Amino acid sequence: MTGTGRDHTFQEIRPVQSLHAPAFEFTEVTGHGDFAEHDRRLEELAREAAAAVASETALILAPVAGFGEMSLDLGSDDEDLLEDARANAAAQEYDLALELLDEYLGAHPEHQEGRYLRAYCLYHLGGPGQLEALRILRPLLDEPPADDGLRDRIRDLRRELRRRLTPPEVTAYTQSVRTDPRGALARVEAFLELAPEEGTLSYLLALGQARGGDLERALDTAERGAAQADVDGEQVAAFARRLRLALLTPHAASAVSAFKTGDLDRARRELARMDPRWRRSIVVDDFDAYLALLFGRTDRRAAPPAPRLPADRTEDLYSLIADTDGQRAAELMRAGRAEQAERLLAHVLALVPRFPWINFLYAACLYRLLRDPDRAAACAEIALRDPTLTQARELLETIRSWQEASLVNPVVDEYVAAMESVRGGVSVERLGALRQRLVALERVLPSLSSAVRSETGAQIVRELGQAIGQRLVEVADAIVVGGLYEKYDRLMSSVKGGISDARDADRLGHALDGITAEIKSARKAARKGAGDQLDELAALVVSRRSEVEKVKAGIQVSALVRRFNELAEQQSEPLARLRADPYTVRSRLGGILEDARRLRRDAKRTLDSRDQTLLDELISTISRTLR
């Protein structure tokens with residue numbers, strides 16, 4: 001801030017910035033009854049597939065040399081074929097080993113080691129033969145192995161083939177599903193039959209089937225995949241839970257509706273009337289037990305207690321109750337009807353206060369409405385408990401920035417308003433009011449500093465504190481400068497009618513001298529901006545002091561001329577010279593001359609040319625008269 005000119009105008013050199021919260025765009029649609037994340041998961045799986053191809057190294061498979069007979073007692077000729085095939089595979093003569101194995105397996109098609117060796121050779125030859133190798137090994141999953149060592153080799157080779165072949169299948173699916181969804185699903189289903197251990201493929205197939213509306217088939221795929229997977233089994237099992245809930249929700253809708261209206265008794269009756277096929281469900285049993293728990297409450301107005309269930313079953317129960325409303329609220333928010341979404345979510349959240357997804361939606365809704373940032377942050381923190389809510393962390397960080405902005409920005413706005421109040425010129429009274437506002441802001445800063453969390457917020461508070469401190473110093477200087485200006489203005493206003501005599505001039509001169517002394521004292525402690533203004537005021541006072549001296553000198557010249565003229569008029573009256581004492585006249589003339597010469601000597605620099613000429617003429621006239 002600088003103070004400039006006669007009006008003590010304050011201008012901000014580096015304005016204090018407000019805290020801006022980052023924008024948050026709501027895209028989360030996760031819910032047990034919604035499978036619209038298909039496209040997002042496609043992109044994620046495509047990236048994961050590419051990363052798998054780029055990062056994983058080939059499995060070092062056990063050598064085949066030294067294998068013994070593992071499943072059949074063969075004749076010598078057949079044994080020779082198998083031994084030669086083993087030897088050629090060990091020597092990396094895979095084509096020759098395959099010829100021997102084709103002949104051998106023609107006679108013994110079910111021989112486990114022979115089939116394994118054939119898949120082993122195809123794997124090492126690479127290309128399309130690797131898919132054939134996986135196809136050869138698939139039946140061995142369902143057969144009891146003749147030997148533990150062979151079982152381990154089959155497992156290792158299948159794992160290596162899956163590692164190589166699964167990422168391209170995922171990529172092919174993601175590239176073709178939008179243009180040929182049926183063909184893409186058929187291809188991934190066929191490959192999954194060869195590699196049922198790949199939970200990702202079961203998830204992808206079930207997700208595609210659900211997206212197409214075939215929920216029961218998708219559930220069968222997901223449940224079978226969860227049972228068979230040794231990779232990503234948790235993901236497909238969680239999806240199976242969602243599918244079961246999606247299929248169950250319409251059948252439990254009457255009971256859920258009664259629960260939402262507070263009619264717990266009717267809710268239990270509706271559960272009892274459900275189709276037995278759907279009634280025999282863990283989540284329905286949990287819902288019934290939860291209703292019984294709510295019956296036992298003494299205070300029905302209090303928030304409902306948490307279900308006495310493990311976390312996953314609690315989530316399923318909450319989903320059964322609130323998923324439909326959550327989906328409706330998400331649709332309202334995407335349609336720009338956040339007010340309606342907020343009312344719906346507030347009602348549902350009272351019933352399932354610990355459900356992460358509804359908390360996420362409510363936090364996003366409150367942020368959209370810029371309402372109640374503290375509650376929004378609390379809801380976003382609950383949403384973090386669900387790792388599938390991919391936007392929860394981003395939302396919480398955005399809300400925390402919004403919280404900070406709601407604390408910091410009003411203080412910044414008050415600072416800006418305070419400074420605007422003195423823009424364009426001020427009085428000492430207005431400067432005093434500004435100082436009071438700045439002091440009040442300064443008192444708020446410690447609590448504000450402890451409340452902010454981000455480095456950006458802390459930086460703004462620090463900058464605000466520095467600005468306020470600097471402004472207070474400048475205001476103190478400006479009050480001093482303004483006080484002296486106002487004192488000068490009052491003094492000059494007192495003589496707007498003019499100076500009538502030398503005593504008035506002396507009084508004004510002494511007063512100006514007093515202001516000059518105050519300016520010198522203030523100038524020693526003043527900063528540069530205030531010092532410049534004090535220098536301007538000092539120059540102004542000096543100029544006025546000089547003008548006073550000129551006016552005083554002019555008054556004194558006029559007084560001397562008047563004294564001379566009065567004496568001359570007296571002598572011009574009839575008989576005045578006969579009555580006058582010549583000595584007295586000369587004495588009076590001498591006094592006027594002495595005063596005129598002293599004025600001419602002492603006021604030499606303050607006399608203007610007219611007064612100086614008049615004074616010189618007076619001195620010359622009296623001097624000639626006294627000769």
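In case you missed it, the structure is sitting above this.
Rules of the game
- Residues numbered from 1 in each chain as written.
- Predicted model: local features only at pLDDT ≥ 70, side-chain atom pairs only at ≥ 80, totals over all residues.
- Heavy atoms only, no water.
- Phe/Tyr/Trp six-rings, centres within 6.5 Å; stacked < 30°, edge-to-face > 60°.
- Helix = DSSP H or I, 4+ residues; strand = E, 2+ residues; numbered from the N terminus.
- Buried < 20%, exposed > 50% of the residue type's maximum accessible area, 1.4 Å probe, protein only.
- Salt bridge = Lys/Arg side-chain N within 4 Å of Asp/Glu carboxyl O.
- Core = buried A, V, L, I, M, F, W, Y, C linked by side-chain atoms within 4.5 Å.
- Contact = heavy atoms within 4.5 Å.

Draft legend 1. Quick look at the packing of aromatic side chains. Considering all chains together, one arrives at seven aromatic pairs under this definition. Between Phe259 and Tyr290 the ring centres are 6.4 Å apart and the planes differ by 55 degrees, which places this aromatic pair in the tilted class. In this pair, Phe259 sits in helix H10 (residues 233-260) while Tyr290 sits in helix H13 (residues 282-295), placing the two residues 31 residues apart along the sequence. Residue classification places Phe259 among the buried positions, given a relative accessible area of 5%. Centre to centre, the rings of Tyr318 and Phe355 are 5.8 Å apart; their planes meet at 45 degrees, and the pair counts as tilted.

Draft legend 2. Local environment of the pattern of salt bridges. Applying the stated rule across the entire model yields 42 salt bridges. A salt bridge links Glu193 to Arg138, with the nearest nitrogen and oxygen atoms 3.7 Å apart. Of this pair, Glu193 sits in helix H7 (residues 181-194) while Arg138 sits in the loop between helix H5 (129-137) and helix H6 (148-176); the two residues are 55 residues apart in sequence, bridging distant segments of the chain. One salt bridge in this structure joins Arg163 and Glu160, with 3.0 Å as the shortest N-O distance. Placement of the pair is Arg163 and Glu160 together in helix H6, with a separation of three residues, close to one helical turn. For the pair formed by Arg163 and Glu160, the shared burial category is buried. Sharing partners across several salt bridges, the network here consists of Arg158, Arg162, Glu197, Glu198 and Asp230.

Draft legend 3. View of the nonpolar core. Of all hydrophobic cores here, the largest spans 71 residues; its most connected members are Phe259, Phe287, Ile358 and Ile399. For this core, the element with the most residues is H10, which contributes 13 residues. For Phe259, the residues in contact, after removing those within four places along its chain, are Leu264, Ala267, Phe287, Tyr290, Leu291, Leu294, Ile321 and Leu351. Counting 41 residues, the second-largest nonpolar core is a separate cluster that includes Leu82, Ala133, Val177 and Val188.

Draft legend 4. Inspection of the environment of Asp616 at higher detail. Its location among the elements puts Asp616 in helix H25 (residues 609-625). C-alpha separation for the pair Asp616 and Ala596, spaced 20 residues apart in sequence, amounts to 8.4 Å.

Draft legend 5. Layout of helix H17 (residues 373-383). All of the buried residues in H17 are Pro373, Ala376, Ala377, Cys379, Ala380, Ile382 and Ala383. Buried positions along H17 lie against helix H15 (338-351), helix H16 (356-369) and helix H18 (392-420).

So, to be careful, I would describe these as geometric facts and stop short of saying anything about function.
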